[in-house]
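Structure at a glance
Here are the chains, one letter per residue:
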Amino acid sequence: IALSGGPSASANLGGVVVFRTIEGKRHAARFDLMKIRNGESVDPIIYGNDLIVIDGRTPNPALDDFVRGIPLVGMFVALF
């Protein structure tokens, strides 16, 4: 995240989603960046093909529902 210039001022740091392909299937895990920065949560290992998404746009109810549906336990769950 830092290498990309960091999150915008309006970014939702409590709902950072990491997408990863595991055995040919897309998985996702949600992390709370503020808890990671404060040392309250473990910083996940990020691999070269991972996609990190931090929503920083005008609120989008569909995206919010999707992000909330991914467990905030730092575990990857299959999407499809």
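Criteria and cut-off values
- Residues numbered from 1 in each chain as written.
- Predicted model: local features only at pLDDT ≥ 70, side-chain atom pairs only at ≥ 80, totals over all residues.
- Heavy atoms only, no water.
- Salt bridge = Lys/Arg side-chain N within 4 Å of Asp/Glu carboxyl O.
- Helix = DSSP H or I, 4+ residues; strand = E, 2+ residues; numbered from the N terminus.
- Buried < 20%, exposed > 50% of the residue type's maximum accessible area, 1.4 Å probe, protein only.
- Polar contact = N/O pair within 3.5 Å; in protein donor to acceptor, adjacent residues only side chain to side chain.

Observations regarding the pattern of salt bridges
Under the defined criterion, the tally for this structure stands at one salt bridge. In this structure, the salt-bridge partner of D50 is R20, at a minimum N-O distance of 2.6 Å. In this pair, D50 is assigned in the loop between helix 1 (33-37) and strand 3 (51-53) and R20 in strand 1 (residues 16-22), connecting sequence segments 30 residues apart. The buried category is assigned to D50, whose relative accessible area is 14%.

Concerning the environment of A11
The topology assignment puts A11 in the segment before strand 1. A11 gets classed as buried once you look at its relative accessible area, which sits at 16%. Measuring from C-alpha to C-alpha, the distance between A11 and I54 comes to 6.4 Å, with 43 residues separating the pair along the chain.

Some details on the environment of M34
Mapped onto the fold, M34 is located in helix 1. Linking M34 and G14, residues 20 residues apart in sequence, is a C-alpha distance of 6.5 Å.

Topic: the environment of G14
Along the chain, G14 falls in the segment before strand 1. With a relative accessible area of 26%, G14 lands in the partly exposed category.

Let's talk about the side chain of R20
Residue class for R20 comes out buried when judged on its relative accessible area of 12%. For R20, the side chain forms a polar contact with the side chain of D50, separated by 2.6 Å.

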